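Okay, here's what each chain looks like letter by letter:
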Amino acid sequence: MDTELLSPAGSFEAMQAAINAGANAIYFGVEQLNMRSRSSGGFTISDIAAISERCHAAGVKCYITLNTVMYEYDMQLLQAILKAVKENNVDAVIASDFAVIQSCAVMGIPLHISTQANVSNLESVQFFARFADTIVLARELTLKQIAFICNEIKRKQIKGPNGELVKIEIFVHGALCMAISGKCYLSLHSQNASANRGACLQNCRRKYKVSDAETGESLEIDNEYIMSPQDLCTINILDEVLQSGVTVLKIEGRSKGADYVHTVTTCYREAITAIQQGTYNATMIEDWMARLSTVYNRGFWEGYYLGREMGQWTNKPDSIATEKKIYAGKGVRFYPQIKVGEFFIEKGTLQQGDELLLTGNAFGMEKISFDTVLVNGEKKDRAVKGDSITFPFPHKVTTTDKLYKLINA
């Protein structure tokens, strides 16, 4: 069975970046019924048609996440979304709430069971197989436990509604949460923002003090952020991951930018290919780890897959990426006859030797060197606020496109 690489898309830029980087499928959310509704900015129902059209034109599948807890007042919106999903041939819905599961069964929409369902054993797989073609296992399992489930699916011929063996999907890269499969109430209790409704405020990522209720003495926990795990990264054990029998490798990150999606997808696509060709080795892994470190991360560990105890905590509140992007300007226009793009510099200074990052709905993400640009139509060694820069570019440039300067963090 072919390995499917599934990448996150929180925007058209990120979606195109995933497609360009070799993803077999993308997953996205719309409105407030997905677990990244607050952080990703997200798509609306009206975007579903364009998402499906662009993905399918590129030979890429698209899955929609409807994985929040559903309340009675959500039912009308849920049905409207599912109607658009059906009309636009979205490949599957990812969900854990039984209202969504039931609706998909009634409407004949392919279903994937979300990790929020916390599927951790074969019996649960057998139960959900009557509804779903793919099941995302709980994040807390070891590769040994996953391999047992995958082997038993084959041995017992456990099939989904499509008549094929149920596929097993696991997360291979991205943010981990201290809560079991994302079921957390910290944000809800403190600020009435439910993580299970996609509104997590990530209180767990902050620095805290512990106070003695009797004496008032306060201790600051300064060595580790003890509720904030390091990010999952399996590229160094990906051969073992594939040997477990999983079919779908999922990258977390619908709130991340196109640069993150492009870099992570590219590295895992290369790693999968290397394993299939028998060329996967330590030198390659070192290179992939260095590239993965350039984009947003809180440090890396292999999660629970090797049977390790939780304890790989972050020691900083935010990303420790080795590269940082600084906003510089926006797109102005495109000259199609000569294939040249124009951007306006809104802040900062660009100069000789700088690496520039461009993001846009049409092209996802591209990197160029300042050495290739003209400043106000002339060859200069720097550009400042108020300047226009032009450069050869194969893609249409629009006013929503953004320009960043990349620096070493």
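Quick look at the structure, then. In this text, all values refer to a predicted model and were calculated from it rather than measured experimentally.

1. A short note on the nonpolar core
1) Next: One finds Ile-26, Phe-28, Val-93, Leu-137 and Ile-168 to be the most contacted residues of the largest nonpolar core, which totals 91 residues.
2) Next: When residues in this core are grouped by element, the largest group, eight residues, is from helix 9 (residues 258-277).
3) Next: Beyond its immediate stretch of four places on either side in the chain, Phe-28 contacts Ala-9, Phe-43, Ile-48, Ile-51, Cys-62, Tyr-63, Ile-64, Thr-65, Val-90 and Arg-254.
4) Next: Core analysis: the next-biggest nonpolar cluster, separate from the first, contains 18 residues, Leu-350, Val-375, Ile-389 and Val-397 among them.

2. Considerations on the packing of helix 3 (residues 75-87) against helix 4 (residues 98-107)
1) Next: Closest axis-to-axis distance for the helix 3/helix 4 pair is 11 Å, and the angle between their directions is 40°. Judged by the angle between their axes, helix 3 and helix 4 are oblique. Helix-helix and strand crossings are classified by hand; for helix 3 and helix 4 the assignment is right-handed. Here Met-75, Leu-78, Gln-79, Leu-82, Lys-83 and Lys-86 of helix 3 lie close against helix 4, whose contacting residues are Ala-99, Val-100, Ser-103, Cys-104 and Met-107.

3. Quick word on the packing of aromatic side chains
1) Next: Inspection of every chain in the model, using the stated rule, returns 12 aromatic pairs.
2) Next: Plain terms: the ring middles of Trp-301 and Tyr-304 are 5.8 Å apart, the flat faces sit at 65° to each other, and that makes the pair edge-to-face. Accessibility classification places Trp-301 together with Tyr-304 in one group, the buried group.
3) Next: On the numbers, 5.7 Å between centres and 25° between planes, the contact of Phe-343 with Phe-391 is stacked. Of the two residues, Phe-343 sits in strand 16 (residues 340-345) while Phe-391 sits in strand 22 (residues 388-392), which places them 48 residues apart along the sequence. For the residue pair Phe-343 and Phe-391, the accessibility class agrees, reading buried in each case.
4) Next: Every member of this aromatic cluster is reached through a ring pair, and the members are Phe-98, Phe-127, Phe-128 and Phe-131.
5) Next: A cation sits over an aromatic face here: Arg-139 above Phe-171, 4.0 Å from the ring centre.
6) Next: Sitting over the ring of Tyr-404, Lys-325 keeps its end group 5.1 Å from the ring centre.

4. Some points on the side chain of Arg-254
1) Next: For Arg-254, the location among the structural elements is in the loop between strand 12 (248-251) and helix 9.
2) Next: The side chain of Arg-254 sits in the buried core without any salt bridge; Glu-252 is the nearest counter-charge, 7.4 Å away.
3) Next: A polar contact is formed between the side chain of Arg-254 and the side chain of Thr-65, at a distance of 3.3 Å.

Criteria and thresholds
Residues numbered from 1 in each chain as written. Predicted model: local features only at pLDDT ≥ 70, side-chain atom pairs only at ≥ 80, totals over all residues. Heavy atoms only, no water. Core = buried A, V, L, I, M, F, W, Y, C linked by side-chain atoms within 4.5 Å. Buried < 20%, exposed > 50% of the residue type's maximum accessible area, 1.4 Å probe, protein only. Helix = DSSP H or I, 4+ residues; strand = E, 2+ residues; numbered from the N terminus. Contact = heavy atoms within 4.5 Å. Axes fitted to C-alpha atoms, helices over the stretch in contact; angles between N-to-C directions. Parallel < 35°, antiparallel > 145°, perpendicular 65-115°, else oblique. Left-handed = near helix turned anticlockwise from the far one by under 90°. Phe/Tyr/Trp six-rings, centres within 6.5 Å; stacked < 30°, edge-to-face > 60°. Lys NZ or Arg CZ within 6 Å of the ring centre and 35° of its normal. Lys, Arg positive; Asp, Glu negative; His and termini not counted. Salt bridge = Lys/Arg side-chain N within 4 Å of Asp/Glu carboxyl O. Polar contact = N/O pair within 3.5 Å; in protein donor to acceptor, adjacent residues only side chain to side chain.

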